[in-house]
Amino acid sequence: QLIGGGQPNDEHVFDVSLGQAYALRAEGLAGWRRAAQATYRALTTRFHSTNPSTWREPRAMFPQSALGAEQPPPMPFFDRGTFEQVIELGR
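Below or above, wherever it landed, is the structure these notes cover. (Residues numbered from 1 in each chain as written. Predicted model: local features only at pLDDT ≥ 70, side-chain atom pairs only at ≥ 80, totals over all residues. Heavy atoms only, no water.)

1. A closer look at the overall build of the protein chain
- A count of helices and strands for the protein chain gives two helices and zero strands.
- Taking all 91 residues of the protein chain together, the buried fraction comes to 11%.
- Long-range pairs, those at least 24 residues apart, make up 13% of the contacts in the protein chain between residues at least 6 apart in sequence.
- By element, 58% of the accessible surface of the protein chain is carried by carbon and sulfur atoms, the whole surface being about 8,300 Å². (Helix = DSSP H or I, 4+ residues; strand = E, 2+ residues; numbered from the N terminus. Buried < 20%, exposed > 50% of the residue type's maximum accessible area, 1.4 Å probe, protein only. Contact = heavy atoms within 4.5 Å. Areas by Shrake-Rupley, 256 points an atom, 1.4 Å probe, with all protein chains shown as cover.)

This is the structure in structure tokens:
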């Protein structure tokens, strides 16, 4: 369920909104526990298994069109992880 703070980026399957990211940072231990329990219930229902190793999302594919003489081969979408680096420059 989405909370305030906008919608997640629709280009990446597992992104969260600014509001969701804030909630994850600000949530206490009891909230994390409730979220984990609700997530476990939702995933076991969705994938019909209590074994997390079977919870696999099918690989998303980029929609492509012909770029010349022939159709390009199927191209999988590789959802990226997030990495941020902050560097302070001084004298």
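Now that the structure has been shown, we can carry on.
2. What to know about the pattern of salt bridges
- Scanning the model with the defined rule gives one salt bridge in all.
- Measuring nitrogen to oxygen at the nearest pair gives 2.7 Å for the salt bridge that ties glutamate 57 to arginine 46. Here arginine 46 lies in helix H2 (residues 29–47) and glutamate 57 lies in the segment after H2, a separation of 11 residues in the sequence.
- We classify glutamate 57 as partly exposed; its relative accessible area is 40%. (Salt bridge = Lys/Arg side-chain N within 4 Å of Asp/Glu carboxyl O.)

Keep in mind these values describe shape, not function.
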